[in-house]
Amino acid sequence: MRRANNSDIPFLVSESDKVFGKGYMTEDSVRDMIEGPEHYLYVGDRDGQPVVALYLRYEPDEVVCEETGVTPEELFEKSGGGKILHSKFMFVREDVQKMGIAQPFLGEVIDHVASEHPEYTLVYGVLWEYNGNVPVQKCCERNGYTFWKRLHQPYYKDEDYYCIICKGRCKCDGLLYIKSINREEKQ
C-alpha cells in the first residue's frame, strides 16, 4: 500500500475506463486526487506494477446530504459530528481479480487513514449496482460497512461519464454503505 503519485496516472485512468467507463476519471481529476488536500488515493503493487486502487476524500456534511438524500440529523447520528470520508472508488486490475487483494487492501487503507486522521468518524461509499450485481458489496461488508439506503441513479448527473453498462449517461442505481471509524475516541 502506498500513496499514488503522478507515475500512476496512466494506470488509474486506463483501469477506470475499463471498469467504469470513459469520463469517470481524467488525467486532471487524478492529478487533483493525488495533490489535493484531504484526498487520499492509494495503490497497491504486485511485481512492481499497480494492481489495486482506492480513493477516499473528505466530504462536507452538506455535500453528503445533497448527494445521498439523508438529512443533517440522520448524518449527525451516524457521524457523531466528526468529519466524513467518501470512499469514492476501488478497483482491482482484471488479471488479478478474485485473488483476495481487494478486501485486505480496503481494510488496510481505511485503518491507515483513520489512524492518521482521528477527526474522521464516518466513511461512506455509494456501491455501484448494475444488472443485479454490486461488485464490491461483500468486500465492504467484510470490512465492517453496513447498508444504509438505496440511491436512485446517483451517477446520472455526471454528463461527462459514459457508463460501460448503460452505454451513455449512467442510469445505474447505488447502495449507500457506511462504516464508523474513530468513534471510540469521540464518545
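Described in the following lines is the structure provided in the data block.

## Considering the nonpolar core
Side chains of nonpolar character tend, in soluble globular proteins, to be buried together. Membership of the largest hydrophobic core comes to 36 residues, with the highest contact counts inside it found for Leu12, Val30, Leu41, Leu75, Phe89, Trp128 and Tyr161. Setting aside chain neighbours within four positions, we find leucine 75 in contact with Asp61, Val64, Cys65, Val70, Ile84, Leu122 and Trp148.

## Brief notes about the state of the cysteines
Tallied over the entire structure, the rule returns zero disulfides. Cysteine 140 provides the cysteine sulfur closest to cysteine 139, a residue in no disulfide bond, and the two sulfurs are 5.4 Å apart. Given a relative accessible area of 6%, cysteine 140 falls into the buried group.

## Digging into the packing of aromatic side chains
The final tally for this structure, using the stated rule, is 13 aromatic pairs. Members of the aromatic cluster, connected to one another through ring pairs, are Phe11, Phe20, Tyr24, Tyr55, Phe89, Phe91, Trp128, Tyr130 and Tyr161. Lying across the ring of tryptophan 148, lysine 78 places its NZ or CZ 5.2 Å from the centre. The cationic tip of arginine 169 hangs over the ring face of tyrosine 156; the distance from NZ or CZ to the ring centre is 3.9 Å.

## Side note on helix H5 (residues 102-116)
With 15 residues, H5 extends 21 Å between its outermost C-alpha atoms, agreeing within 8% with the 21 Å of an ideal straight helix rising 1.5 Å per residue. Taken residue by residue, H5 has Ala102, Phe105, Leu106, Gly107, Val109, Ile110, Val113 and Ala114 as its buried positions. On its buried side, H5 packs onto strand S2 (39-46), strand S3 (49-59), strand S4 (83-92), strand S5 (120-129), helix H6 (137-142) and strand S7 (173-180).

## Re the pattern of salt bridges
What the rule picks out here adds up to nine salt bridges. A salt bridge links arginine 2 to aspartate 45, with the nearest nitrogen and oxygen atoms 2.6 Å apart. With arginine 2 in strand S1 (residues 2-3) and aspartate 45 in strand S2, this pair connects stretches of sequence that are 43 residues apart. A residue is classified by how much of its surface remains accessible, and arginine 2, at 24% relative accessible area, is partly exposed.

## What to know about the pairing of S4
Here S4 lies mainly inside the structure; eight of its ten residues are buried. As paired elements, S3 and S4 share eight bridges and run antiparallel to each other. Looking at the pairing, leucine 56 lines up with serine 87 of S4. Examined bridge by bridge, S4 and S5 share four bridges and lie parallel to one another. Along S5, the bridge assignment pairs histidine 86 with tyrosine 124.

Conventions used here
Residues numbered from 1 in each chain as written. Predicted model: local features only at pLDDT ≥ 70, side-chain atom pairs only at ≥ 80, totals over all residues. Heavy atoms only, no water. Core = buried A, V, L, I, M, F, W, Y, C linked by side-chain atoms within 4.5 Å. Buried < 20%, exposed > 50% of the residue type's maximum accessible area, 1.4 Å probe, protein only. Contact = heavy atoms within 4.5 Å. Disulfide = S-S within 2.5 Å. Phe/Tyr/Trp six-rings, centres within 6.5 Å; stacked < 30°, edge-to-face > 60°. Lys NZ or Arg CZ within 6 Å of the ring centre and 35° of its normal. Helix = DSSP H or I, 4+ residues; strand = E, 2+ residues; numbered from the N terminus. Expected span 1.5 Å × (residues − 1). Salt bridge = Lys/Arg side-chain N within 4 Å of Asp/Glu carboxyl O. Pairing = 2+ DSSP bridges.

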